[in-house]
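# Analysis of the macromolecular model
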Amino acid sequence: MARAVTTQRKTINTVAAWVIGLLIFFPILWTILTSFKTEAQAISDPPIFLFFDWTLENYSVVQERSDYMRFLWNSVILAGGSTLLGIIIAVPAAWSMAFVPSRRTKDILLWMLSTKMLPAVGVLYPIYLLFIQFGLLDTQLGLTLVLMLINLPIIVWMLYTYFKEIPVEILEASRMDGAGLREEILYVLTPMALPGIASTVLLNFILAWNEAFWTLNLTAAQAAPLTAFIASYSSPEGLFFAKLSAASTMAIAPILILGWFSQKQLVRGLTFGAVK
């Protein structure tokens, strides 16, 4: 029998959840508030939280100084392209490891995961030379390939976990009905693992969107995404916290909107599933 949850316990859990949520969101909230302050107010001691002279000057300066839409478009192409390419490669790989495993499958999975432990700076020099050799430096294609490769182990691991939860008998039944490998993956496996694939896509998109090390070292101007856009506001003269906060807010706004939209769709899907 399920244990009865008292009203007091529900209240404590709710308060605790709100406190933890606010603690996690507070750095983002502080960045957003700082973007509406003057430079003097941004570095004031003690810090000013809400009661200050709100201004849009920082956003105006950022827009005049930088072509925000170009950086945004580059981020969308890099994050979306690397995610799509990673899913195309990872789905067949995860399928083979989940349903046609070999003696070395677990070793391969551990090896793939171990590549994430390698410091990125350790392979920067050879990749930089390869990019120069093949003319991929400061190009969207080159960065898309790099972002896909660094996140591919995570994609494969997540999809492998979701695929293992699907009963193999369902796939065997589809084969008995005459489904080939292509039909099995596209029309049987993929619809059943769609929630897992969606969560994998969202996570990989965010990881690629936030990637700074490779984008700062392999781009200059043409393919620079929003991470380079933010870094451009760190100058030898010092940090201009208000303008830097405005640039950061403009960079994280699409992700906040995407997260809110994804959460709404997830709640709608769970509600529909429960009703159905």
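Residues numbered from 1 in each chain as written. Predicted model: local features only at pLDDT ≥ 70, side-chain atom pairs only at ≥ 80, totals over all residues. Heavy atoms only, no water.

## Re the packing of aromatic side chains
Using the following cut-off: Any pair of Phe, Tyr and Trp rings, taking the six-membered ring for Trp, is counted once the centres come within 6.5 Å. Such a pair is stacked with planes under 30 degrees apart, edge-to-face with planes over 60 apart, and tilted for the rest. Secondary structure elements are taken from DSSP: a helix is a run of H or I of four residues or more, a strand is a run of E of two residues or more, and numbering for both begins at the N terminus. Relative accessibility decides the category of a residue: with a 1.4 Å probe and only protein chains considered, values under 20% of the type maximum give buried, values over 50% give exposed, and everything between is partly exposed. Placement of a positive charge over a ring is assigned whenever Lys NZ or Arg CZ falls within 6 Å of the ring centre and within 35 degrees of the normal to the ring plane.
Taken as a whole and assessed by the stated rule, the structure comprises ten aromatic pairs. Summarising the aromatic geometry, the rings of Phe36 and Tyr59 are spaced 5.3 Å apart at their centres and angled 45° between planes, so their arrangement reads as tilted. Here the residue Phe36 occupies a position in the loop between helix H1 (7–34) and helix H2 (39–42), and Tyr59 occupies one in helix H3 (residues 57–65), the gap between them amounting to 23 residues. Where Phe71 meets Phe229, the ring centres are 5.3 Å apart and the plane angle is 40°; that geometry is what we call tilted. Placement of the pair is Phe71 in helix H4 (residues 68–99) and Phe229 in helix H12 (residues 226–231), with a sequence separation of 158 residues. Accessibility classification places Phe71 together with Phe229 in one group, the buried group. Pairwise contacts between aromatic rings join Phe36, Phe52, Trp54 and Tyr59 into one cluster. The residue whose ring lies beneath Lys37 is Trp30, and the NZ or CZ to ring-centre distance is 4.2 Å. Here the basic side chain of Arg70 rests over the ring of Phe71, its NZ or CZ set 4.5 Å away from the ring centre.

## Some words on the confidence of the model for the chain
Let me state the cut-off plainly: Confidence scores per residue from the predictor, reported as pLDDT, run from 0 to 100. Any pair of residues with heavy atoms lying within 4.5 Å of one another is described as a contacting pair.
Mean pLDDT over the chain stands at 83; residues scoring 70 or higher make up 90%. Contacts from residues 269–276, a stretch scored under 50 in pLDDT, to residues over four places away or in other chains number zero contacts.

## Observations regarding the nonpolar core
For clarity, the threshold we go by: The criterion is simple. A nonpolar core is a set of buried Ala, Val, Leu, Ile, Met, Phe, Trp, Tyr and Cys residues joined through side-chain atoms within 4.5 Å.
Core analysis: the largest hydrophobic core is formed by 33 residues, its most contacted members being Val62, Trp209, Leu218, Leu226 and Phe229. Looking at this core, the elements with two or more residues in it are H3, H4, helix H6 (124–134), helix H7 (140–164), helix H10 (194–210), helix H11 (213–218), H12 and helix H13 (241–275). Top element by residues in this core is H13. It accounts for six residues. Aside from chain neighbours lying at most four places away, what touches Trp209 is Leu72, Ser75, Val76, Ala79, Leu226, Thr227, Ala251, Pro254 and Ile255. Counting 24 residues, the second largest nonpolar core, distinct from the first, contains Ile87, Ala94, Leu152 and Ile155.

## Describing the packing of helix H8 (residues 168–176) against helix H9 (residues 181–192)
The condition that has to hold: An axis is simply a line fitted to the C-alpha atoms; with a helix, the fit covers only the stretch in contact. Between two such axes, the angle follows the N-to-C directions and lies from 0 to 180 degrees. Should an angle fall under 35 degrees it is called roughly parallel, over 145 degrees roughly antiparallel, and 65 to 115 degrees roughly perpendicular, with every other angle called oblique. Definitions for this section: a left-handed crossing has its near helix turned counterclockwise from the far helix by less than a right angle. A right-handed crossing has that turn clockwise.
Where H8 meets H9, the closest approach of the two axes is 11 Å, and the angle between their N-to-C directions is 155°. Taken together, the axis directions place H8 and H9 in an arrangement best described as roughly antiparallel. The handedness of the crossing between H8 and H9 is right-handed. Taken together, the residues of H9 that come into contact with H8 (itself represented by Ile170, Leu171, Ser174 and Arg175) are Glu184, Val188, Leu189 and Met192.

## Considerations on the environment of Tyr233
Along the chain, Tyr233 turns up in the loop between H12 and strand E1 (234–235). What makes Tyr233 buried here is its relative accessible area of 2%. Distance from Tyr233 to Ala247, taken between C-alpha atoms, is 7.9 Å for residues 14 residues apart in sequence.

## Examining the pattern of salt bridges
Applicable threshold: Salt bridges are defined as contacts in which a side-chain nitrogen from Lys or Arg sits within 4 Å of a carboxyl oxygen from Asp or Glu.
Under the counting rule described, the total for this entry stands at two salt bridges. We note a salt bridge from Glu39 to Lys243, for which the minimum N-O separation is 3.5 Å. Residue Glu39 is found in helix H2, and its partner Lys243 is found in helix H13; the two are separated by 204 residues along the sequence. A salt bridge links Asp107 to Arg104, with the shortest nitrogen-to-oxygen separation between them at 3.3 Å. We classify Arg104 as exposed; its relative accessible area is 53%.

## So, H4
In an α-helix, one turn spans 3.6 residues, which is why side chains three or four residues apart end up on the same side. Using the following cut-off: Any helix carries an expected span of 1.5 Å times its number of residues minus one. One axis is fitted to the seven residues ending at the residue and one to the seven starting there. The bend at that residue is the angle between these axes.
Compared with an ideal rise of 1.5 Å per residue, which puts 32 residues at 46 Å, H4 spans 46 Å between its outermost C-alpha atoms and is within 8% of the ideal. Roughly 30° is the biggest bend found in H4, and it falls at Ala90, with proline Pro92 one to four residues downstream.

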